[in-house]
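The residues making up each chain are set out below.
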Amino acid sequence: MTVPVIMVHGAFCGGWTFDSFRKPFEAAGHVVQTPALLGHGDGALVAGRSMADYARQIADLCQACDTPPILIGHSMGGLVAQMAAARAPVSRLILLAPSPPWGVSGSSLEEAASAVSLYALGPYWLQAVAPDYAVVESYTLDRLPRTERKAIYAQMTAESGRALWETLNWWLDPFMTTSAGPQNVPTLAIAGGRDVIHPPATVRQTAARLGGSCEVFPQMSHWLPGEPGWQDVAETCLDFIAKQHRAAA
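Please read all numbers here as calculations on a predicted model, not as lab measurements.

Draft legend 1. Just the packing of aromatic side chains, in detail. Under the criterion given, the structure shown has 10 aromatic pairs. Geometrically, the ring pair formed by W16 and W223 is tilted, given 6.4 Å between the ring centres and 35° between the ring planes. Of this pair, W16 sits in the loop between strand 1 (5–8) and helix 1 (22–27) while W223 sits in the loop between strand 8 (213–217) and helix 9 (230–248), and the two are 207 residues apart along the sequence. In this structure W223 comes out as buried when scored by relative accessible area, which is 3%. Each ring, one from W102 and one from W170, has its centre 5.1 Å from the other, and the planes form 55°; the classification is tilted.

In C-alpha cells:
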C-alpha cells in the first residue's frame, strides 16, 4: 500500500523546491503534495506569519488525507514538519537538513552568526525579509552551477521575519513556539556533510530529540532535494519508507 506524501519547503522557497525530488516518490506510487507555505507566492502577506501558522497549515493537510501521510521537510520546512506532526497523525517523518526545534543549540559558528546577522535589519521579526543572493550562493546552493543558482534564486520570495526569529533565536521566544515535536513517529533525519547551515552535529541532535535515526551524505551540502546526489537522498528516503512499512506489516 502506498501512503500519501507531503513535502514541506524551507525559508524563502516554495513547492517548486521538490519539482525533481518528488518524481521517484510518484514513480513508486505515492501521491505527492508540495504545498507553498502561507505567503509564499500565493498573494497573501508573509510578514507576521508564525511558525505555528505554517504548522497548522500543514497539519490541516495531513488531517485531510485518507490515511496518515508521510511528512518530508527541508530546512525550515523540516521544523514545520516536526511541529505539524505533533498536531496531526502522520505515519513517518523525514527531515532533510532540518532546522532544529526549541532547545537544540547549533553546533557551528555559522549557525551562531546567522542567528544574529538579521538584527542589522532592525526589528526584522515585524518584517518580510528578502532573500540574500550572497548567502544563498555561498551556503544553500553552493554545489550548483551558477546558472542554476540564478534560476532558483529568481523563484525565491520574501520570508516572515517572525518565523525566522522563532527558528533562529528560539531562546528569546517566551512562547517556545517551536518546542512541540511528535511522539513515537518513525523519523529519519538526513544531513549533508558539507552543510554549514545545519551541519551533521546539529541534525543528529534533532534526530535524537525525536528518537529517530540520522544519515549523513558526506559530499553534500544544504540543498539536499536538488543538488548533485539528490537521487541517492530520495532513494534513502524510499528505503526508509519501505523498511518501516515492512516492520508495521
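We are not done yet, so read on.
Draft legend 2. Main features of the packing of helix 5 (residues 133–140) against helix 6 (residues 146–155). It is the contact of helix 5 with helix 6, at a shortest axis distance of 11 Å, that shows an interaxial angle of 130°. In terms of orientation, helix 5 lies oblique with respect to helix 6. Between helix 5 and helix 6 lies a crossing whose hand is right-handed. Listed contacts from helix 6 to Y133, V136 and E137 of helix 5 are R149, K150 and Y153. In terms of residue class, the contact of helix 5 with helix 6 is made up of three nonpolar, no polar and three charged.

Draft legend 3. Here's a closer look at the pattern of salt bridges. Scanning all chains against the criterion turns up five salt bridges. Put simply, R149 and E137 hold a salt bridge, and the shortest N to O gap is 3.2 Å. With R149 in helix 6 and E137 in helix 5, this pair connects stretches of sequence that are 12 residues apart. Assessed through its relative accessible area of 29%, E137 is described here as partly exposed. In this structure, the salt-bridge partner of E166 is R162, at a minimum N-O distance of 3.1 Å. Of this pair, E166 and R162 both sit in helix 7 (residues 161–168), four residues apart, which is roughly one turn of that helix.

Draft legend 4. Expanded view of the nonpolar core. Formed by 45 residues in total, the largest nonpolar core has its most connected members in M51, Y54, I58, L71, L93 and L164. Elements that contribute at least two residues to this core include exactly strand 1, helix 2 (51–64), helix 3 (76–85), strand 4 (92–96), helix 7, strand 7 (187–192) and helix 8 (200–209). Among the elements that make up this core, the one with the highest residue count is helix 3 (seven residues). Ignoring any residue separated from it by four or fewer positions in sequence, one finds L93 in contact with L71, A81, Q82, A85, P182, V185, P186, T187, L188, L210 and F240. Counting residues in each nonpolar core, the second largest holds 24 residues, with M7, V32, W230 and C237 among its members.

Draft legend 5. Main features of helix 3. Counting buried positions along helix 3 yields 10 of 10 residues, so the element is predominantly enclosed. All of the buried residues along helix 3 are M76, G77, G78, L79, V80, A81, Q82, M83, A84 and A85.

Draft legend 6. View of the side chain of H198. Tracing the chain through its elements places H198 in the loop between strand 7 and helix 8. A polar side-chain atom of H198 sits 3.0 Å from a polar atom in the side chain of S99. The contacts of H198, once residues within four sequence positions are left out, are S75, A97, P98, S99, P100, E111, V203 and H222.

Draft legend 7. Examining the side chain of S75 more closely. For S75, the position within the fold is in the loop between strand 3 (70–74) and helix 3. Assessed through its relative accessible area of 11%, S75 is described here as buried. For S75, the contacting residues outside a window of four places in its chain are G10, L96, A97, P98, S99, H198 and H222.

Conventions and cut-offs
Residues numbered from 1 in each chain as written. Predicted model: local features only at pLDDT ≥ 70, side-chain atom pairs only at ≥ 80, totals over all residues. Heavy atoms only, no water. Phe/Tyr/Trp six-rings, centres within 6.5 Å; stacked < 30°, edge-to-face > 60°. Helix = DSSP H or I, 4+ residues; strand = E, 2+ residues; numbered from the N terminus. Buried < 20%, exposed > 50% of the residue type's maximum accessible area, 1.4 Å probe, protein only. Axes fitted to C-alpha atoms, helices over the stretch in contact; angles between N-to-C directions. Parallel < 35°, antiparallel > 145°, perpendicular 65-115°, else oblique. Left-handed = near helix turned anticlockwise from the far one by under 90°. Contact = heavy atoms within 4.5 Å. Nonpolar A, V, L, I, M, F, W, Y, C, P; charged D, E, K, R; others polar. Salt bridge = Lys/Arg side-chain N within 4 Å of Asp/Glu carboxyl O. Core = buried A, V, L, I, M, F, W, Y, C linked by side-chain atoms within 4.5 Å. Polar contact = N/O pair within 3.5 Å; in protein donor to acceptor, adjacent residues only side chain to side chain.

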